[in-house]
Amino acid sequence: MPTPETHAVLSASSAERWMHCPGSVALSKDIPESSSDYAEEGRLAHALAELKLRKKFLEPMSPRAFNTRYNKLARDNHWQPEMDACTDEYVDYITDIANSLSTRPFIAVEQRVDFSDFVPGGFGTADCILIHENTLYVNDYKHGKGVPVSAENNPQMMLYALGAVLNYRLLCNIQSIHTAIIQPRAGGIKESNFSRDELMDWAVFTVRLAAEKAADPDCDEFHSGDWCRFCPAKALCRERSGIVSAMDNFGGRLPPLLSDDEVANVLSKLDPLIRYGEAVKAYAQNKILSGGEIPGWKLVEGRGNRVWTDQTAAFEAIKAAGIEEALLYERKPLTAPALEKALGKKVFAEVATPYITKQPGKPTLAPLEDPREPYNPRFSAAEDFQNIKEDAK
Ligand code: SF4
């Protein structure tokens with residue numbers, strides 16, 4: 001999930017959306033951005049990463065001062081033990097870069113960068129910038145594990161780089177740029193390199209034009225795609241709702257069974273359709289919950305669970321009735337991922353790695369452009385088919 005940059009309408013973190021869909025800016029200007037547990041977890045992990053970087057590079061901090069600030073973060077409801085190991089990976093990566101350089105680099109953390117020369121009102125906050133001689137390093141921490149983010153041609157990273165090149169132009173003559181996305185829970189570290197000339201060409205011939213369109217309050221150019229998932233208008237946008245009618249194009253005198261080409265067509269629309277459906281459901285539920293109405297729909301109570309009102313008293317009564325205590329409890333080992341989450345990646349790697357093996361995953365459909373290797377059957381096709389059938393039950 002992109003980190004929100006308050007007040008910049010054409011922000012770096014939303015650039016993928018407004019560059020692909022310039023009309024989304026005007027369309028969503030009055031729609032409040034909703035927060036989520038994932039966004040809150042990202043905010044907290046960023047705060048922890050910032051604290052660690054400041055301690056390491058910028059602010060000498062006594063252990064006591066660090067612990068006070070650390071403990072305050074750890075008391076947050078969205079705290080997860082694995083945040084520690086994930087942010088360590090980020091800090092280690094930046095430390096390795098700094099240590100590989102011949103002299104100490106300039107380092108800035110949570111640095112506001114302004115690219116309004118090319119994007120009206122455009123600015124962003126880069127997680128960590130290093131400058132050494134004529135090289136700029138832009139580093140971005142991502143805590144999300146749902147969508148691996150690529151660093152190649154990533155407009156968010158390129159806008160941070162553009163802002164840094166402009167902001168520091170009087171101090172240094174940046175010629176080459178290295179960007180890195182550190183996403184420990186989804187693919188690890190992704191990097192990209194480009195020159196200042198390539199960046200400036202992109203700024204002049206691509207960004208400036210896209211930003212002019214996006215800043216136009218009357219812009220009605222809409223294009224739906226992966227970027228819709230972070231758009232405030234994602235539930236109500238008519239352009240996006242077009243994917244529903246796009247599923248219904250097989251009428252007329254066509255044969256009664258779909259061809260494989262038509263199956264491919266349905267598959268390509270399925271994931272966006274599911275995401276769109278989830279956004280519409282969330283919008284409708286929130287509207288009814290906050291006192292509004294959606295014609296023909298209501299909220300009902302979901303299936304509830306039976307819970308103890310007084311577990312201690314209940315267990316005493318059950319034991320008094322002659323039931324053995326052993327029947328009342330179960331003791332089962334945590335799975336490897338659950339234990340890693342509880343212990344943190346570092347401790348888990350130190351003590352448990354020799355006892356871990358990775359079982360092959362089940363075959364999953366993916367489009368040809370998916371970066372993963374094609375599935376290599378290690379079992380018989382009949383066995384795989386049986387697994388798929390069982391999953392579908
Ligand atoms: S939902 Fe998608 S298509 Fe609609 S305005 Fe937002 S980004 Fe554009």
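Residues numbered from 1 in each chain as written. Predicted model: local features only at pLDDT ≥ 70, side-chain atom pairs only at ≥ 80, totals over all residues. Heavy atoms only, no water.

### Things to note about the overall build of the chain
Within the chain one finds 13 helices and five strands. Expressed as lengths along the three principal axes of its C-alpha atoms, the size of the chain is roughly 80 × 70 × 55 Å. Here the chain holds 393 residues, and 35% of them are scored as buried. In the chain, the proportion of contacts linking residues at least 24 apart, taken out of those at least 6 apart, comes to 65%. (Helix = DSSP H or I, 4+ residues; strand = E, 2+ residues; numbered from the N terminus. Buried < 20%, exposed > 50% of the residue type's maximum accessible area, 1.4 Å probe, protein only. Contact = heavy atoms within 4.5 Å.)

### Section: the environment of S268
Checked against the element boundaries, S268 lands in helix α9 (residues 260-289). A residue is classified by how much of its surface remains accessible, and S268, at 47% relative accessible area, is partly exposed. The spacing of S268 and E330 is 62 residues in sequence and 45 Å in space, taken between C-alpha atoms.

### Topic: the environment of S259
As for its position among the elements, S259 is in the loop between α8 (238-245) and α9. Measuring from C-alpha to C-alpha, the distance between S259 and I31 comes to 41 Å, with 228 residues separating the pair along the chain.

### Things to note about the side chain of R185
Locating R185 in the fold gives a position in the loop between β4 (176-183) and β5 (188-195). Among the residues examined, R185 registers a relative accessible area of 16% and is labelled buried. Side chain to side chain, R185 and E82 meet in a polar contact 2.9 Å long. With sequence-adjacent residues up to four places away left out, R185 is seen in contact with E41, Q80, E82, C86, H143, G144 and K145. (Polar contact = N/O pair within 3.5 Å; in protein donor to acceptor, adjacent residues only side chain to side chain.)

### Quick notes on the side chain of D140
Among the secondary structure elements, D140 is positioned in strand β3 (residues 135-141). For D140, the side chain forms a polar contact with the side chain of K142, separated by 2.7 Å. Setting aside residues up to four positions removed in sequence, D140 forms contacts with Y90, D127, Q156, M157, Y160, A180, I181 and I182.

### Considerations on the pairing of β3
A large share of β3 lies buried, amounting to seven of its seven residues. Here β3 shows two buried faces, one formed by T135, Y137, N139 and Y141 and the other by L136, V138 and D140. Bridge count between strand β2 (residues 123-132) and β3: five bridges; the pairing is antiparallel. Along β3, the bridge assignment pairs I131 with L136. (Pairing = 2+ DSSP bridges.)

### A word on the domain arrangement of the chain
As assigned here, the chain comprises domain 1 (15-215) and domain 2 (235-289). Once you take the C-alpha centre of each, domain 1 and domain 2 turn out to be 34 Å apart. (Domains from an automatic or database assignment.)

### Comments concerning the packing of aromatic side chains
If you walk through the whole model with that rule in mind, you get six aromatic pairs. A ring pair is formed by Y70 and W79, whose centres lie 5.5 Å apart and whose planes are at 75 degrees; its orientation type is edge-to-face. Grouped by ring-pair contacts, the aromatic residues F66, Y70 and W79 constitute a single cluster. Taking NZ or CZ as reference, R112 lies 3.7 Å from the ring centre of F123, over its face. (Phe/Tyr/Trp six-rings, centres within 6.5 Å; stacked < 30°, edge-to-face > 60°. Lys NZ or Arg CZ within 6 Å of the ring centre and 35° of its normal.)

### A closer look at the pattern of salt bridges
This model, assessed by the stated rule, comprises 17 salt bridges. The partner of D117 in a salt bridge is R169, with the nearest N and O atoms 3.7 Å apart. With D117 in the loop between β1 (106-114) and β2 and R169 in the loop between α6 (155-167) and β4, the pair connects residues that are 52 residues apart, well separated along the chain. The exposure class assigned to D117 is partly exposed, which follows from its relative accessible area of 44%. Residue D370 pairs with R372 through a salt bridge whose shortest N-O separation is 2.9 Å. Judged by relative accessible area, D370 falls into the partly exposed class, the value being 21%. (Salt bridge = Lys/Arg side-chain N within 4 Å of Asp/Glu carboxyl O.)

### Some details on the packing of helix α3 (residues 37-58) against helix α4 (residues 63-74)
Two elements in contact, α3 and α4, have axes separated by 10 Å at closest approach and are oriented at 170 degrees. Between α3 and α4, the crossing angle belongs to the class labelled roughly antiparallel. Only F66, R69, Y70 and L73 of α4 make contact with α3, whose side of the interface consists of L44, A47, L48, L51, K52 and K55. Of the residues that constitute the contact of α3 with α4, the class distribution is seven nonpolar, no polar and three charged. (Axes fitted to C-alpha atoms, helices over the stretch in contact; angles between N-to-C directions. Parallel < 35°, antiparallel > 145°, perpendicular 65-115°, else oblique. Nonpolar A, V, L, I, M, F, W, Y, C, P; charged D, E, K, R; others polar.)

### Description of the site of the ligand
Neighbouring the ligand are 14 residues, the closest being C21, S24, C228, C231 and C237. Elements supplying a minimum of two residues to the shell around the ligand: α2 (23-27) and α8. Across the shell around the ligand, the residue classes tally to seven nonpolar, three polar and four charged. Two domains share the shell around the ligand, each providing at least three of its residues, namely domain 1 (15-215) and domain 2 (235-289). (Near = heavy atom within 4 Å.)

### Quick notes on unusual backbone geometry
If you check the backbone angles, E110 has positive phi at about 50 degrees while not being a glycine. The phi dihedral of E133 falls on the positive side, at around 50 degrees, and the residue is not glycine. Within the element layout of this structure, E133 appears in the loop between β2 and β3.

### Some details on the nonpolar core
Judged by nonpolar contacts, the single largest core of 40 residues is most densely connected at W18, V119, L136, L159, L162 and L199. Of all the secondary structure elements, the ones that give two or more residues to this core are α1 (15-20), β1, β2, β3, α6, β4 and α7 (196-215). Counting residues per element, this core draws most heavily on α6, which supplies nine residues. Setting aside anything within four residues of it in sequence, one finds L199 in contact with M158, A161, L162, V165, I177 and F194. (Core = buried A, V, L, I, M, F, W, Y, C linked by side-chain atoms within 4.5 Å.)

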